[in-house]
Amino acid sequence: MTAGVTTSAPLPPASDTSMVTSAFSLVDYVVFVLLLVLSLAIGLYHACRGWGQHTIGQLLMADRKMSCLPVALSLLATFQSAVAILGVPSEIYRFGTQYWFLGCSYFLGLLIPAHIFIPIFYRLHLTSAYEYLELRFNKTVRVCGTVTFIFQMVIYMGVVLYAPSLAFNAVTGFNLWLSVLTLGIVCTIYTALGGLKAVIWTDVFQTLIMFLGQLAVIIVGSAKVGGLGHVWDLASQHDRISGIELDPDPFVRHTFWTLAFGGIFMMLSLYGVNQTQVQRYLSSRTEKAAVLSCYAVFPCQQVVLCMGCLIGLVMFAYYQEYPMSTQQSQAAPDQFVLYFVMDLLKDLPGLPGLFVACLFSGSLSTISSAFNSLATVTMEDLIQPSFPQFSEARATMLSRILAFGYGLLCLGMAYISSQMGPVLQAAISIFGMVGGPLLGLFCLGIFFPCANPPGAVVGLLAGLLMAFWIGIGSIVTSVGSSTAPSHFNGSSFSLPSNLTDITMTTLMPSTTLSRPTGLQRLYSLSYLWYSAHNSTTVIVVGLIVSLLTGGMRGRTLNPRTIYPVLPRLLALLPLSCRKRLHCKSYSQDLSVDTAVLPEKMSNGMLKGSRDREAMAVAEEGPAYQGSSPTFILQETSL
């Protein structure tokens, strides 16, 4: 889910495509158009089914009746963007297989959301992830989180539409703005009319297309160069098969620790607290289905990563036997895969079209998820609380209008992206900068009961300032020191497999003439540690401010909004140890009967939100007798 732009090599002029334009035949165009028509048909089917009877819950949450498999494939498709399909093979081709170790981070990066974030969000019966912030802190924190998310997505979604179309235009000669407008309009129509259910089912279809397109390239490419065994041998001979790099230095772009542990925080910011993913979890028919969908993403992510890495190795082996042309060698890194596919599949009509359909399936899934999540948070967090008297029909219509509006805004942002030039890199990077602070804000609320609203607001602002300081400083530093960058400059858009990765890759130069010192050293922090660094900043600053302002003293803490870390850890000890420590058994189960949960009104607020303190006091009655109040007091005192 990122745009394919590079700072190390300029994009070739759109008109200079005579070498490869003929490779895209009529059959390829038919395959590509079929993708758009079928995606639109799926969306219109769900829009027309029950037209006039749709509720706001059906439109934004698929009526909370989705099963785990379509939700899992939609979770995968959301962050498997067009540029990720181009970027991972380019990374492997240029730098070797070190990036493959990112797969180690997927285990905890998906296990933690499945067992911590999903249960809390699901049992609170949320629609927007930012409703949690009001339940845990107050409305000010909720609005801050919502505005931050909207800023993040609006800046970004035009780029994710424009840049893949630009790369496609440069390689095939296909009209740039025709592809931008076609994708934007098709995506806007089926997202606005069909709602979340249409988005999820089109994601399922587009995920299958992505798998087929990449698989075709691997099969045909490996057959042409002598099989996967020969591919691996060639890569080994040319030092493209990386060992485990155990250097603990966080300023080295890719090491095992950076990929395996820094990647965990990146995964948490995507699959733990991002509205596009939380909305899919909450659309599941049961909490178990939501957890299973998160589990199902793990093997799918591993397969996607392996396929991207194999395409990179096959591309490397192919160009050892069939050297690049001058135009290809001068192209931007994010165009390598398209050139390779056009070369490899030019004698097989339909397959280049299948890969392009695969490429734009990534764009469609990413953009539709952005539209839907933006419409949801705008409606649920900003409009409904301010205008509580909206009828169901009017709220449904307004949600569709919001999705249409964000679609038009996306097209406008795509045009602005085309005019931004070097500033575009900073716009792309903003997306990655915001993910870490939002993760820190949610972790502050979930894991630290003593955190209060002032601490949350100040912590979020501190995290954002830290993110922009280091991020923009890195951009300025890399631009100033790379007037003649090498072909393997890591500050170019190497486009790893998800949006935070990709956006922050633009910031990190991998080759410098001298070792940086002082602030220059700080600016060279590996992009994979950005989420960890910025979220930690939010937590540390938030805790300090909370302690200085009295913590939760005098405020009511809803026990269902926190995760009791200490009792969970103590429960892992043997019984004899717990007795010596005088630990009470952990008996609280957060799965409280939904009948006792405060009902949500159509205005996006808790029913009787003015009386939340009274409800919280009532909750500490019989349903929370025993050891539960003890853990709240212990955690708050800590």
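Bear in mind the structure is a predicted one, so any value in this text is a computation, not a measurement.

Colleague: What exactly am I supposed to notice about the overall build of the protein here?
Modeller: Looking only at helices and strands, the protein features 26 helices and zero strands. Relative to its 638 residues, the protein shows a buried fraction of 60%. Relative to all contacts within the protein whose residues are 6 or more apart in sequence, the contacts with residues 24 or more apart total 85%. Carbon and sulfur atoms provide 67% of the accessible area of the protein, an area that totals close to 23700 Å².

Colleague: When you look at the packing of helix H2 (residues 26-48) against helix H9 (residues 176-225) in this model, what are you seeing that I'm missing?
Modeller: In contact at an axis separation of 7 Å, H2 and H9 are set at 105 degrees when each is read in the N-to-C sense. The angle between H2 and H9 places the two elements in the roughly perpendicular class. Here the contact of H2 with H9 is built from residues that sort into 16 nonpolar, seven polar and one charged.

Colleague: Would you explain the side chain of Asp 28 in this entry?
Modeller: Relative to the elements of secondary structure, Asp 28 occurs in helix H2. One polar contact links the side chain of Asp 28 to the main-chain amide nitrogen of Gly 350, over a distance of 2.7 Å. Polar side-chain contacts of Asp 28 include one of 3.0 Å to the backbone nitrogen of Gly 353.

Colleague: Got a minute to help me understand the nonpolar core in this structure?
Modeller: Inside soluble globular proteins, nonpolar side chains tend to come together where they are buried. Counting 153 residues, the largest nonpolar core has Phe 121, Tyr 132, Tyr 271, Leu 338 and Phe 340 as the members making the most contacts within it. Not counting chain neighbours up to four residues away, the residues in contact with Leu 338 comprise Leu 86, Ala 167, Phe 168, Val 171, Phe 355 and Leu 359.

Colleague: Is there a simple way to explain the packing of aromatic side chains in this structure?
Modeller: Aromatic ring pairs are reported here in terms of the distance separating the ring centres and the angle at which the planes meet. The final tally for this structure, using the stated rule, is 23 aromatic pairs. Ring pairs connect the aromatic residues Tyr 93, Phe 316, Tyr 318, Tyr 319, Tyr 322, Phe 336 and Phe 340, which therefore count as one cluster. Sitting over the ring of Phe 95, Arg 253 keeps its end group 4.8 Å from the ring centre.

Colleague: Explain the pattern of salt bridges to me, please; I cannot follow it from the model alone.
Modeller: Pairing is possible between side chains that carry opposite charge, provided their charged atoms lie close to one another. Taken as a whole and judged by the stated rule, the model has six salt bridges. Here Lys 65 and Asp 63 are joined by a salt bridge, their closest N and O atoms 3.4 Å apart. Overall, Asp 63 belongs to the partly exposed group, its relative accessible area being 30%. Each of Glu 134, Arg 142 and Asp 381 takes part in one network of salt bridges that share partners.

Colleague: Whenever I open this one, the packing of helix H6 (residues 105-123) against helix H13 (residues 287-321) confuses me. Can you help?
Modeller: For any two helices packed against each other, the geometry comes down to the angle between their axes and how far apart the axes lie. Interhelical geometry of H6 versus H13 gives an angle of 160 degrees and a closest axis separation of 9 Å. When the axes of H6 and H13 are compared, the pair comes out roughly antiparallel. The two elements H6 and H13 meet at a crossing, and its hand is right-handed. Together, Tyr 106, Phe 107, Leu 110, Leu 111, Pro 113, Ala 114, His 115, Ile 118, Pro 119, Tyr 122 and Arg 123 of H6 and Glu 287, Ala 290, Val 291, Cys 294, Tyr 295, Val 297, Phe 298, Gln 301, Gln 302 and Leu 305 of H13 make up the contact between the two elements. Classifying every residue of the contact of H6 with H13 by side-chain character gives 16 nonpolar, three polar and two charged.

Colleague: I keep staring at the environment of Arg 240 and nothing clicks. Help me out?
Modeller: Relative to the elements of secondary structure, Arg 240 occurs in the loop between helix H10 (228-237) and helix H11 (256-271). In terms of polar contacts, Arg 240 uses its side chain to reach the backbone carbonyl oxygen of Tyr 93, at 3.1 Å.

About the criteria used
Residues numbered from 1 in each chain as written. Predicted model: local features only at pLDDT ≥ 70, side-chain atom pairs only at ≥ 80, totals over all residues. Heavy atoms only, no water. Helix = DSSP H or I, 4+ residues; strand = E, 2+ residues; numbered from the N terminus. Buried < 20%, exposed > 50% of the residue type's maximum accessible area, 1.4 Å probe, protein only. Contact = heavy atoms within 4.5 Å. Areas by Shrake-Rupley, 256 points an atom, 1.4 Å probe, with all protein chains shown as cover. Axes fitted to C-alpha atoms, helices over the stretch in contact; angles between N-to-C directions. Parallel < 35°, antiparallel > 145°, perpendicular 65-115°, else oblique. Nonpolar A, V, L, I, M, F, W, Y, C, P; charged D, E, K, R; others polar. Polar contact = N/O pair within 3.5 Å; in protein donor to acceptor, adjacent residues only side chain to side chain. Core = buried A, V, L, I, M, F, W, Y, C linked by side-chain atoms within 4.5 Å. Phe/Tyr/Trp six-rings, centres within 6.5 Å; stacked < 30°, edge-to-face > 60°. Lys NZ or Arg CZ within 6 Å of the ring centre and 35° of its normal. Salt bridge = Lys/Arg side-chain N within 4 Å of Asp/Glu carboxyl O. Left-handed = near helix turned anticlockwise from the far one by under 90°.

Read these as geometric descriptors, not functional statements.
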